[in-house]
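Examining the three-dimensional arrangement
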Amino acid sequence: MHKILFVCHGNICRSPMAEMVMKHLVREAGRESDFFIDSSAAQTDAIGCGMHRGTRNKLIREQIPFTEHYARLTTAADYAQFDLIICMDEENVEDLNYIFSGDGEGKVHKLLSYCGLKRDVADPWYTGNFDETFRDVMQGCTALLKAIG
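Heads up: these notes are all about the structure in this document. (Residues numbered from 1 in each chain as written. Predicted model: local features only at pLDDT ≥ 70, side-chain atom pairs only at ≥ 80, totals over all residues. Heavy atoms only, no water.)

Further remarks concern the state of the cysteines. Cysteine pairs can be linked by a disulfide, which is a covalent bond between their two sulfur atoms. One pass over the structure, following the stated rule, counts 0 disulfides. The structure places no disulfide on Cys8, whose sulfur is separated from the nearest cysteine sulfur, that of Cys13, by 6.6 Å. Free cysteine: Cys115, not disulfide-bonded; nearest cysteine sulfur from Cys141 at 9.0 Å. (Disulfide = S-S within 2.5 Å.)

See the structure below:
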(Lines give C-alpha, C1' and ligand atoms only; values in the text may rest on other atoms or scores of the structure.)
Protein backbone atom coordinates (compact mmCIF):
# COMPACT_ATOMS: atom_id res chain seq x y z
CA MET A 1 0.00 0.00 0.00
CA HIS A 2 1.21 3.49 -0.90
CA LYS A 3 0.69 5.99 1.93
CA ILE A 4 0.85 9.61 0.77
CA LEU A 5 0.56 12.77 2.87
CA PHE A 6 0.07 16.12 1.13
CA VAL A 7 1.23 19.18 3.09
CA CYS A 8 0.73 22.91 2.69
CA HIS A 9 0.91 25.87 5.06
CA GLY A 10 -2.57 25.70 6.62
CA ASN A 11 -4.20 22.54 5.18
CA ILE A 12 -7.24 24.42 3.91
CA CYS A 13 -6.43 25.20 0.24
CA ARG A 14 -3.68 23.35 -1.63
CA SER A 15 -3.06 20.16 0.36
CA PRO A 16 -6.74 19.18 0.72
CA MET A 17 -7.17 19.94 -2.98
CA ALA A 18 -4.25 17.61 -3.74
CA GLU A 19 -5.66 14.97 -1.38
CA MET A 20 -9.06 14.99 -3.10
CA VAL A 21 -7.59 15.13 -6.61
CA MET A 22 -5.23 12.22 -5.89
CA LYS A 23 -8.06 10.16 -4.37
CA HIS A 24 -10.11 10.88 -7.50
CA LEU A 25 -7.28 9.84 -9.87
CA VAL A 26 -6.65 6.67 -7.88
CA ARG A 27 -10.38 5.85 -7.86
CA GLU A 28 -10.60 6.40 -11.63
CA ALA A 29 -7.62 4.06 -12.07
CA GLY A 30 -9.40 1.38 -9.99
CA ARG A 31 -6.58 1.42 -7.43
CA GLU A 32 -8.27 2.70 -4.26
CA SER A 33 -7.19 -0.33 -2.24
CA ASP A 34 -3.54 0.37 -3.14
CA PHE A 35 -3.46 3.81 -1.51
CA PHE A 36 -3.98 5.68 1.73
CA ILE A 37 -4.04 9.43 1.09
CA ASP A 38 -4.30 12.25 3.63
CA SER A 39 -3.27 15.89 4.07
CA SER A 40 -2.02 18.13 6.86
CA ALA A 41 -0.64 21.56 7.71
CA ALA A 42 2.94 22.69 8.27
CA GLN A 43 1.81 25.59 10.48
CA THR A 44 -0.90 26.07 13.12
CA ASP A 45 -2.74 29.04 11.56
CA ALA A 46 -5.89 27.18 10.44
CA ILE A 47 -5.98 24.01 12.57
CA GLY A 48 -9.57 22.83 12.93
CA CYS A 49 -10.84 24.96 10.04
CA GLY A 50 -12.72 23.44 7.14
CA MET A 51 -11.55 23.39 3.54
CA HIS A 52 -11.44 26.86 1.97
CA ARG A 53 -14.60 27.65 0.00
CA GLY A 54 -12.50 28.40 -3.08
CA THR A 55 -11.06 24.88 -2.98
CA ARG A 56 -14.51 23.34 -2.43
CA ASN A 57 -16.00 25.38 -5.27
CA LYS A 58 -13.21 24.45 -7.67
CA LEU A 59 -13.55 20.74 -6.85
CA ILE A 60 -17.31 20.98 -7.44
CA ARG A 61 -16.78 22.71 -10.81
CA GLU A 62 -14.29 20.01 -11.82
CA GLN A 63 -16.70 17.27 -10.62
CA ILE A 64 -14.16 15.88 -8.18
CA PRO A 65 -15.82 14.38 -5.11
CA PHE A 66 -14.58 15.40 -1.69
CA THR A 67 -15.21 14.51 1.91
CA GLU A 68 -15.59 16.74 4.95
CA HIS A 69 -12.17 18.06 5.87
CA TYR A 70 -10.73 19.85 8.90
CA ALA A 71 -7.17 21.11 8.96
CA ARG A 72 -4.74 19.20 11.13
CA LEU A 73 -1.11 19.79 12.01
CA THR A 74 1.63 17.51 10.69
CA THR A 75 3.31 15.66 13.56
CA ALA A 76 6.64 13.88 13.93
CA ALA A 77 4.69 10.58 13.99
CA ASP A 78 3.50 11.22 10.41
CA TYR A 79 7.02 10.59 9.16
CA ALA A 80 6.84 6.92 10.14
CA GLN A 81 3.25 6.51 8.97
CA PHE A 82 3.67 7.73 5.37
CA ASP A 83 5.83 6.57 2.46
CA LEU A 84 5.73 9.91 0.66
CA ILE A 85 5.22 13.37 2.12
CA ILE A 86 4.41 15.78 -0.68
CA CYS A 87 4.78 19.52 -0.10
CA MET A 88 3.32 22.38 -2.07
CA ASP A 89 6.24 24.78 -1.64
CA GLU A 90 9.79 25.20 -0.38
CA GLU A 91 8.64 26.76 2.90
CA ASN A 92 6.68 23.56 3.64
CA VAL A 93 9.82 21.50 3.05
CA GLU A 94 11.72 23.66 5.53
CA ASP A 95 8.90 23.42 8.11
CA LEU A 96 8.82 19.63 7.79
CA ASN A 97 12.57 19.33 8.18
CA TYR A 98 12.06 21.01 11.54
CA ILE A 99 9.02 18.90 12.52
CA PHE A 100 10.68 15.64 11.44
CA SER A 101 14.22 16.60 12.55
CA GLY A 102 15.36 16.05 8.97
CA ASP A 103 14.40 13.70 6.17
CA GLY A 104 16.73 10.75 6.61
CA GLU A 105 14.67 8.42 4.42
CA GLY A 106 14.09 10.90 1.57
CA LYS A 107 10.30 10.91 1.87
CA VAL A 108 9.72 14.67 1.52
CA HIS A 109 9.28 16.03 -2.02
CA LYS A 110 7.67 19.02 -3.69
CA LEU A 111 4.63 18.07 -5.78
CA LEU A 112 5.71 19.74 -8.99
CA SER A 113 9.10 17.99 -8.88
CA TYR A 114 7.23 14.96 -10.28
CA CYS A 115 6.64 17.06 -13.43
CA GLY A 116 10.29 18.07 -13.63
CA LEU A 117 9.47 21.56 -12.33
CA LYS A 118 11.33 23.36 -9.56
CA ARG A 119 8.65 25.92 -8.79
CA ASP A 120 6.04 25.87 -6.03
CA VAL A 121 2.35 25.10 -6.43
CA ALA A 122 0.54 28.43 -6.79
CA ASP A 123 -0.95 29.49 -3.44
CA PRO A 124 -4.54 30.72 -3.84
CA TRP A 125 -4.51 32.16 -0.31
CA TYR A 126 -2.41 34.97 -1.79
CA THR A 127 -3.42 34.91 -5.46
CA GLY A 128 -7.14 34.10 -5.15
CA ASN A 129 -6.66 32.03 -8.31
CA PHE A 130 -7.96 28.54 -7.55
CA ASP A 131 -7.94 27.68 -11.28
CA GLU A 132 -4.15 28.09 -11.44
CA THR A 133 -3.72 26.07 -8.25
CA PHE A 134 -5.95 23.32 -9.61
CA ARG A 135 -3.89 23.12 -12.82
CA ASP A 136 -0.70 22.76 -10.76
CA VAL A 137 -2.26 20.15 -8.46
CA MET A 138 -3.76 18.11 -11.31
CA GLN A 139 -0.47 18.16 -13.23
CA GLY A 140 1.52 17.18 -10.13
CA CYS A 141 -0.84 14.45 -8.94
CA THR A 142 -1.09 12.93 -12.42
CA ALA A 143 2.71 12.80 -12.65
CA LEU A 144 2.98 11.42 -9.10
CA LEU A 145 0.55 8.59 -9.85
CA LYS A 146 2.48 7.78 -13.01
CA ALA A 147 5.78 7.77 -11.08
CA ILE A 148 4.38 5.38 -8.48
CA GLY A 149 3.27 3.06 -11.28
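So much for the structure itself; the text now carries on.
So, on to the nonpolar core. Core analysis: the largest hydrophobic core is formed by 31 residues, its most contacted members being Ile4, Phe6, Val21, Met22, Leu111, Cys141 and Leu144. Contributions of two or more residues to this core are made by strand E1 (2-8), helix H1 (14-28), strand E2 (35-41), strand E3 (84-87) and helix H6 (130-148). With 7 residues, H1 is the single largest residue contributor to this core. Within the second largest apolar cluster, 12 residues are counted, among which are Ala42, Tyr79, Ile85 and Leu96. (Core = buried A, V, L, I, M, F, W, Y, C linked by side-chain atoms within 4.5 Å. Buried < 20%, exposed > 50% of the residue type's maximum accessible area, 1.4 Å probe, protein only. Helix = DSSP H or I, 4+ residues; strand = E, 2+ residues; numbered from the N terminus.)

Bringing the sheet that holds strand E4 (residues 108-110) into the picture now. What the 4 strands build is an open sheet, ordered E2-E1-E3-E4; its pairing is parallel. Since the sheet does not close on itself, it has two edges, and those belong to E2 and E4, each with one partner. Across the sheet, the mean angle separating the axes of adjacent strands is 25° when strand polarity is ignored. Inspection of the sheet shows E3 paired to E4 by 3 bridges, in the parallel sense. Within E4, the residue paired with Cys87 across the bridge is Lys110. Contacts from H6 reach E1, E2 and E3, with the element oriented near 155° to E1. (Pairing = 2+ DSSP bridges. Axes fitted to C-alpha atoms, helices over the stretch in contact; angles between N-to-C directions. Contact = heavy atoms within 4.5 Å.)

Below, the discussion takes up the pairing of E3. Burial of E3 is two-sided: the residues Leu84 and Ile86 facing one way and the residues Ile85 and Cys87 facing the other way are all buried. Inspection of the sheet shows E1 paired to E3 by 4 bridges, in the parallel sense. When the sheet's bridge partners are listed, Val7 is paired in E3 with Cys87. At this point the chain moves from E3, through helix H4 (residues 90-99), to the parallel E4, and the crossover so formed is right-handed. (Right-handed = clockwise from strand over helix to strand, strands pointing away.)

With respect to the element layout, His24 can be found in helix H1. Judged by its relative accessible area of 14%, His24 falls in the buried class. Not counting residues within four places of it along the chain, the set of residues in contact with His24 comprises Gln63, Ile64 and Pro65.

Before going further, it helps to spend a moment on the environment of Cys87. Counting through the fold element by element, Cys87 comes out in strand E3. Judged by relative accessible area, Cys87 falls into the buried class, the value being 0%. Sequence separation between Cys87 and Lys110 is 23 residues; the distance between their C-alpha atoms is 4.6 Å.

Turning our attention to the pattern of salt bridges. Applying the stated criterion across every chain yields a total of 14 salt bridges. A salt bridge links Glu62 to Lys58, with the shortest nitrogen-to-oxygen separation between them at 2.8 Å. As a salt-bridge pair, Asp131 and Lys58 come within 2.8 Å of each other at their nearest N and O atoms. Here the residue Asp131 occupies a position in helix H6, and Lys58 occupies one in helix H2 (residues 53-61), the gap between them amounting to 73 residues. Judged by relative accessible area, which is 34%, Asp131 ranks as partly exposed. Its relative accessible area of 7% is what places Lys58 among the buried residues. (Salt bridge = Lys/Arg side-chain N within 4 Å of Asp/Glu carboxyl O.)

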